[in-house]
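Here is what each chain is made of, one letter per residue.
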Amino acid sequence: MAFWCIPVILCNLWYRRDANSNKLCYGIVYGYLISYTFTLMTAHSYLAYVYIFPLLSVVILYHDGNLVAQLGIATILVNIVYIIRAAFSGLLTVSNSNLTEIQVASLVTSFIGCYLASRLFDELYQKHLASVKHIQQVSLETIGVIANTVDAKDSYTEGHSRRVAAYSYALAKKLGMSEEEAQNIKTIGLLHDIGKIGIPDSVLHKP
């Protein structure tokens, strides 16, 4: 129970401390690997090796080729140790090695497939990320044009929206907000006087 519960508890504590950690997936994967190793070494069944497969579908979602490769190498090494131990204890012989051969072959082919899948997933993710960044950039440029239009309507406050945006961003960072939150506040700062567009010049320019 300790081999299964301790990694879970540690990963939960890590998550509570830093939910946005890029390395948290490594903790989850290696925590599971510890539990898997214990199960493989203490179980009296060739089917214990399949405990690693549920993790593979999750690992692909991390789209981290290095993590898949590390997990694959570590798992295969653990299974080799298990096979050597079984051979020395007499449980594994040439005549009954069929299941072991299937075990090793399925692990190797599965990890190769998962590695390729994670690379493909990462490539698609990066393309999606680039598209999102392009859309965000176009949106910011559009917002900038609107802010310039607002400021141009009232010469008395020319450049005011950009100054408010800059001060708001600086204050947000000083308050410890994330980059995304600070950028959102900066955008709001640019548009805080948007209502001026609908106000007649006779009112805005009134002495």
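Use the structure listed above.
Residues numbered from 1 in each chain as written. Predicted model: local features only at pLDDT ≥ 70, side-chain atom pairs only at ≥ 80, totals over all residues. Heavy atoms only, no water.

## Here's the deal with the overall build of the protein
Now for step 1: Within the protein, the regular secondary structure consists of 8 helices and 0 strands.
Now for step 2: Helices and strands in the protein line up, N terminus first, as α-α-α-α-α-α-α-α.
Now for step 3: Its C-alpha atoms give the protein a radius of gyration of 29 Å, clearly above 17 Å, the size a compact globule of 207 residues would have.
Now for step 4: The buried share of the protein, reckoned over its 207 residues, is 31%.
Now for step 5: If you sum the accessible surface of the protein, you get close to 13600 Å²; carbon and sulfur atoms cover 67% of it.
Now for step 6: Averaging the locations of the 15 positively and 14 negatively charged side chains of the protein gives two centres separated by 5 Å. (Helix = DSSP H or I, 4+ residues; strand = E, 2+ residues; numbered from the N terminus. Rg over C-alpha atoms; globule rule 2.2 N^0.38 Å. Buried < 20%, exposed > 50% of the residue type's maximum accessible area, 1.4 Å probe, protein only. Areas by Shrake-Rupley, 256 points an atom, 1.4 Å probe, with all protein chains shown as cover. Lys, Arg positive; Asp, Glu negative; His and termini not counted. Charge placed at Lys NZ, Arg CZ, Asp CG, Glu CD.)

## Description of the packing of helix H4 (residues 65-88) against helix H5 (residues 98-153)
Between two packed helices, the angle of one axis relative to the other and the distance separating the axes together describe the packing.
Now for step 1: The contact between H4 and H5 brings their axes to 9 Å, and the two run at 175°. Classified by the angle between their axes, H4 and H5 sit roughly antiparallel to one another. Contacts between H4 and H5 involve Gly65, Val68, Ala69, Leu71, Gly72, Thr75, Ile76, Asn79, Tyr82 and Ile83 on the former and, on the latter, Thr100, Gln103, Val104, Leu107, Val108, Phe111, Cys114, Tyr115, Ser118 and Arg119.
Now for step 2: Across the contact of H4 with H5, the residue classes break down as 12 nonpolar, 7 polar and 1 charged. (Axes fitted to C-alpha atoms, helices over the stretch in contact; angles between N-to-C directions. Parallel < 35°, antiparallel > 145°, perpendicular 65-115°, else oblique. Contact = heavy atoms within 4.5 Å. Nonpolar A, V, L, I, M, F, W, Y, C, P; charged D, E, K, R; others polar.)

## Here's the deal with the environment of phenylalanine 38
Now for step 1: Along the chain, phenylalanine 38 falls in helix H2 (residues 24-42).
Now for step 2: Classification of phenylalanine 38 by relative accessible area gives partly exposed; the value is 30%.
Now for step 3: Put simply, phenylalanine 38 and phenylalanine 3 are 35 residues apart on the chain and 6.9 Å apart in space, counted from C-alpha to C-alpha.

## Some words on the nonpolar core
Now for step 1: Core analysis: the largest hydrophobic core is formed by 27 residues, its most contacted members being Tyr36, Leu40, Ile52, Leu55 and Leu71.
Now for step 2: Breaking this core down by element, the ones donating at least two residues are H2, helix H3 (53-61), H4 and H5.
Now for step 3: Leaving out residues up to four positions away in the same chain, tyrosine 36 has contacts with Ala48, Tyr49, Tyr51, Ile52, Thr75, Val78 and Asn79. (Core = buried A, V, L, I, M, F, W, Y, C linked by side-chain atoms within 4.5 Å.)

## What about the pattern of salt bridges?
Now for step 1: Scanning all chains against the criterion turns up 3 salt bridges.
Now for step 2: Between lysine 127 and glutamate 123 there is a salt bridge, with its nearest N and O atoms 3.7 Å apart. You can see lysine 127 and its partner glutamate 123 sitting in helix H5, 4 residues apart, about one turn around the helix.
Now for step 3: Relative accessible area serves as the criterion here: at 53%, lysine 127 is assigned to the exposed category.
Now for step 4: Here lysine 173 makes a salt bridge to glutamate 179, at a shortest N to O gap of 3.1 Å.
Now for step 5: Taking the relative accessible area as the measure of exposure, lysine 173 reaches 36% and is therefore partly exposed.
Now for step 6: Judged by its relative accessible area of 37%, glutamate 179 falls in the partly exposed class. (Salt bridge = Lys/Arg side-chain N within 4 Å of Asp/Glu carboxyl O.)

## Here's the deal with the packing of aromatic side chains
Now for step 1: Counted according to the given criterion, the structure contains 2 aromatic pairs.
Now for step 2: With 4.3 Å between their ring centres and 10° between their planes, phenylalanine 3 and phenylalanine 38 make a pair best called stacked. Linking phenylalanine 3 in helix H1 (residues 2-17) with phenylalanine 38 in helix H2, this pair joins segments that are 35 residues apart in sequence.
Now for step 3: Plain terms: the ring middles of tryptophan 4 and tyrosine 32 are 5.8 Å apart, the flat faces sit at 85° to each other, and that makes the pair edge-to-face. Taken as a pair, tryptophan 4 in helix H1 and tyrosine 32 in helix H2 lie far apart in primary sequence, 28 residues in all.
Now for step 4: Look at tryptophan 4 and you get partly exposed, because its relative accessible area is 30%.
Now for step 5: Over the aromatic face of tyrosine 26 sits the side chain of lysine 23, whose NZ or CZ is 5.1 Å from the ring centroid.
Now for step 6: Directly above the ring of tyrosine 169 sits lysine 186, whose terminal nitrogen or CZ lies 5.5 Å from the centroid. (Phe/Tyr/Trp six-rings, centres within 6.5 Å; stacked < 30°, edge-to-face > 60°. Lys NZ or Arg CZ within 6 Å of the ring centre and 35° of its normal.)

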